[in-house]
Structure formats: C-alpha cells, structure tokens
Amino acid sequence: MNLKNLTVSRTLQYGFIVPIVGALIALSCPAIGQVVVTPVVTPVVNPVVTSVVTANVNAVVTPVVTANVNAAVNANVNAMVNPIVNANVNAVVTPMVNANVNAVVTPMVNANVNPVVNVNPDVNVDVNVIGPDRSEGSWFATIKGDKIRFEFRNDEDDNHWSNDEDFNLSDFPNLPKEKGEFSLKREAGTMVFTGKLDDGQGYGHYKFTADKTFDDYVKAQGITNLRESSDFSFFTVGLTRAYIKMVQENGFKDITANHLISMSAMNIDAAFIHQWRENGFPEITTNQLVTAKSLKISDAYIKEIRGSGYPDISFNQLVSFKSMNITGEYIKGLRREKSADGQSELPPANQLVAYKSMNIDEAYVNSFKAVGYDNIPYNQLTAMKSMDITPEYVKTFVDLGYKNIPAHDLVSLKSMNIDGAFIKTFEDAGYKNIPVHDLIALKSQSITPDYIKGFEALGYKDIPPHSLIAMKSLNITPEYINGFKKLGFTDIPLNELPGLKSTGVTPEYVAAMQEKGLKSTDLRKYMRLKSAFNE
C-alpha cells in the first residue's frame, strides 16, 4: 500500500487526527492505508546579550533587539513528514548607566547562548475514528503503474466522508472495461465493486462486508478499543491473523485496534521491532515504532549516528536528527580538535538540531577562519548565525584594526547594528580606537558625531566616550548647558554636568533660587541645596 500521497486535508476528512507531545503524527486510520506522520521539532534558542554600562547614575536605557529565525524543513517519507523548526533568538541589549560627578564608566558585555531542543515524539494513536458507517459508498479509481488508487466516499449529509487508498493492481485481475462487477477479498472481509474502468480511470459503487470469523478472532485476541469502522480499516490495511500473532509474540499483547491498524499500515514487521530492541531500546512502544518507521530510521542510520560521536543518543534525539536530515557527514563537519592531546568535541545532541535548523554547517564554521576565528564556541555559533553575522561583517572591524573581537561581543555589536561604517563616523570626528564595549554603549545611547559637535561648540574638546555615555544617558544637551551660561556659569567642568542633571539642578532652578536671594558662583552649592530640601 502506497502511503506517499495522502494530504493533511484528507486526513481531517478521513477521521484520524493524532495529537503528539513534541512530535505530531496524524494517522488516517479510518481507511488506514494512508498514514500522515508530522513530527514537530521545536528548538528554542534564547541567546541573551546584556551590555551593562556602569557609571554611577540612576538612568536605565533598554533597547531590545529581537531576531527571529524560522527554519522549516520538510521531509517526505512513506508518509508525509513535516518537521517544523522555529529557532527564536532574542538578543536583548541592556545598557545601564549610573554616574556620579566623576562619571566612571565600566562597560561589560555578556552573551549567554543556550539553545535547547525539546522533542517528545511519543505518538498517541489511540484516538476516535470519525465517521459512523463506511460499509458502502462511491468509488473513483485511477491506475498508475502497478498500483490502483481508489477514492472511497459518501456524500450523504448525515454520513459524509472521503479518503484515498492504494492497492496493488495485481489484486484485481478481472477489472471490467464495460460496466460490471469485481471484488477484492481479504481476511477482514470482502469488498464488491460495481462500475467500470476505461483508459486507466473508473467509477462506481462499492459495498464492504466484514468477515465475521475474522471479527471474532480479533475480539478473542483481546484487541481493545474496537469500533464500528474498525473492520473497514482492518480491510484497507490488509490486516491478517498472522500479523496480529506476530505483534503479540513480540510483546504487544494488550494492543488497541488503532495501534494495530497504524503498525500494519506502516508495514512494521518483527525485524523492525527487533532492530530497535537490539540497539538498546527494549521498551520501545507502538507509538515510537510508528514514528520511527514513518521517518525511515534504520539500523544503519542508528549505527551511523552513534559512530559519528553520539553513542548514547536517545530515541527522541534520533527522531529529531532524522527529521532534520542530520547525517554522519554533517556531524563530521562540526567536529573540532579540543586540545593538543588530540581529543575532539561535538556540540550536545540537543544543540545540533538547532544548528541544522539554522544551516550552521562546516562551510559556515570554516568561513570565519579567513578572519581569524578558528574555534568559535558552539553555543556562540547559534547566536552568531541567528544575528546573520558573516565573515564579511567581521572584516569591516578587522579593516579598522579591531582584531580578535570575542564572539559574544560580535553578537552584541550586530544586535546594535554596529559595523565598520559606524566606527568610521567617529574616527572622522577624531575618536580613534574606541573600545568595543564603549562602541556598544555609544550606539545604545544613540550618540552620534553631531551630538558631540554640539558640546565642542561650547568649548568641550576631546570628551572621553565614557563621559559622553553618562551625559547622553541623563539627557544632558548643549541647550541645558547654555541655560547655565546665560546665568553667568560659563566654565562648568565636564564632570560636574552629570551631578547637576542627576540631582535635578536646572537653569530654571538656579534662577529661582537667585530670585530668593540664594546667590552663589558655585553650582555645587545649588546641588547640595536641591538635595537637602528636595525642591
């Protein structure tokens, strides 16, 4: 039976919708020849980039940069496999500025990246079969090669349903070219077709009659969760007594009808069951077997992954690896030398799924060697890729003399959209070799060369970056300083400005105090007055 062409929409019509925790498999078991398996793999990647600029003030500036990476990988196997990978990357840059009169600035950047992939492909196929009676209805057929595809349907308002089934053409040796009757007999029952086929297509009416002896046999074997439509499903998947016996002899004695239908539809045999147990999964469940078979996880694949550096890989991780098409060759490209003693290392299995979903491969890693990055930490690779950091981006810093910037600082720089062009604007304004952490703080405070020129026009030359950061965080402007100049304070020391602003001393406040007779040429006295009386 060919399971390749069943669509999700048809699955909804046929009646099987299978909820999965972590990996969703929708099984069209009402006419169970078609099984749609949809494992959903969701790696959650949250690199948090926190720039803390400390200068002893009480102003907090929090620009938030969010990069969302959505990679969808579609793999088609016997059933349809749609692993959906969402890597959400939230780079949060939080510069915090505290300043006193001396305005001491100590920038510190910390990029922590923890990509975590949680996959639980334990499929629950024990669901209700939608549709009351499928024993008769209409059929439409198309012959392709050695297969004949039937669409069974009923358009009655109170019994509306439809699904497709593939059968071997050899099962129907006497197909009529004119209107006539033909049948298919299986252990579960007999289906009689009336109608005709011409030029590889046909239509007509069918009637299915369950085999009572088979029905009694199934009940006698203790198969649970039997429903009215189970016989029709047993027929379409070609369930036999021998298959039921095989399943029970392999340890699945208390199996439900839906699990039995799913296993038969996926052609899960004794060899496949033994493969998993021999590979160290003695407690493999029917749900897991269906998931594994739908993804075509073979004995060779298990050995390939284990031999590539993951000897203790779990079933859930194998499912996520296979759904993302992770191979031994891909893993080999990410292996790196750990130390001089020749030891090598690989990223944790959970992180590897995140890397594959974000297209982090050997070529991406090696591309940074040309700009001096040989061993980027695995956890920082994810953040770099999510922020679309490329060797070309890094080179804009190298060309300006910024070599060997730590990977976590690159993430911070990119999250703030800082590049070589940004640095060049400051160099043209006379600021050379600004430390990386100061660059981050300057950009986070939206400090530009034009902002600096406003202070230079007032006589403040060569203002250190940390002083600029402190002043901008407190919204100190040339207009603020000019207000004091009008009152006769023409040479306010640069390091007094943050103190004035942080204590709330404004030109208007000084003017008001002077009108009350509190006159002084020392602005620090107004700061003490403001602090003492909180006026």
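Residues numbered from 1 in each chain as written. Predicted model: local features only at pLDDT ≥ 70, side-chain atom pairs only at ≥ 80, totals over all residues. Heavy atoms only, no water.

A. Seen up close, the overall build of the chain. When helices and strands are counted, the chain shows 23 helices and 22 strands. Of all 535 residues assigned to the chain, the portion counted as buried reaches 50%. Long-range pairs, those at least 24 residues apart, make up 65% of the contacts in the chain with a sequence separation of at least 6. For the chain, the exposed surface amounts to about 23900 Å²; the carbon and sulfur share of it is 49%. (Helix = DSSP H or I, 4+ residues; strand = E, 2+ residues; numbered from the N terminus. Buried < 20%, exposed > 50% of the residue type's maximum accessible area, 1.4 Å probe, protein only. Contact = heavy atoms within 4.5 Å. Areas by Shrake-Rupley, 256 points an atom, 1.4 Å probe, with all protein chains shown as cover.)

B. Representation of the side chain of Glu 151 within the structure. If you trace the backbone, Glu 151 turns up in strand 16 (residues 147–156). Owing to a relative accessible area of 17%, Glu 151 belongs among the buried residues under this scheme. At 2.9 Å, the side chain of Glu 151 and the side chain of Ser 162 are in polar contact. (Polar contact = N/O pair within 3.5 Å; in protein donor to acceptor, adjacent residues only side chain to side chain.)

C. Summary view of the side chain of Ser 230. On the secondary structure map, Ser 230 appears in helix 3 (residues 230–236). With residues near it in sequence (within four places) discarded, Ser 230 still touches Asn 225 and Ala 257.

D. Broad picture of the nonpolar core. By size, the foremost hydrophobic cluster in this structure holds 128 residues, and its most contacted members are Phe 150, Phe 152, Phe 193, Trp 276, Phe 321 and Leu 413. Residues within four places of Phe 150 in sequence aside, it is in contact with Trp 139, Phe 140, Ala 141, Asn 163, Asp 164, Glu 165, Phe 167, Phe 172, Phe 182 and Phe 193. (Core = buried A, V, L, I, M, F, W, Y, C linked by side-chain atoms within 4.5 Å.)

E. Examining the packing of helix 13 (residues 378–386) against helix 15 (residues 407–415) more closely. As a packed pair, helix 13 and helix 15 sit with axes 9 Å apart at the nearest point and diverge in direction by 20 degrees. Considering the angle they form, helix 13 stands roughly parallel to helix 15. For the crossing formed where helix 13 meets helix 15, the hand is left-handed. Between helix 13 and helix 15, the contacting residues are Gln 380, Ala 383 and Met 384 on the first element and Ala 407, His 408, Leu 410 and Val 411 on the second. (Axes fitted to C-alpha atoms, helices over the stretch in contact; angles between N-to-C directions. Parallel < 35°, antiparallel > 145°, perpendicular 65-115°, else oblique. Left-handed = near helix turned anticlockwise from the far one by under 90°.)

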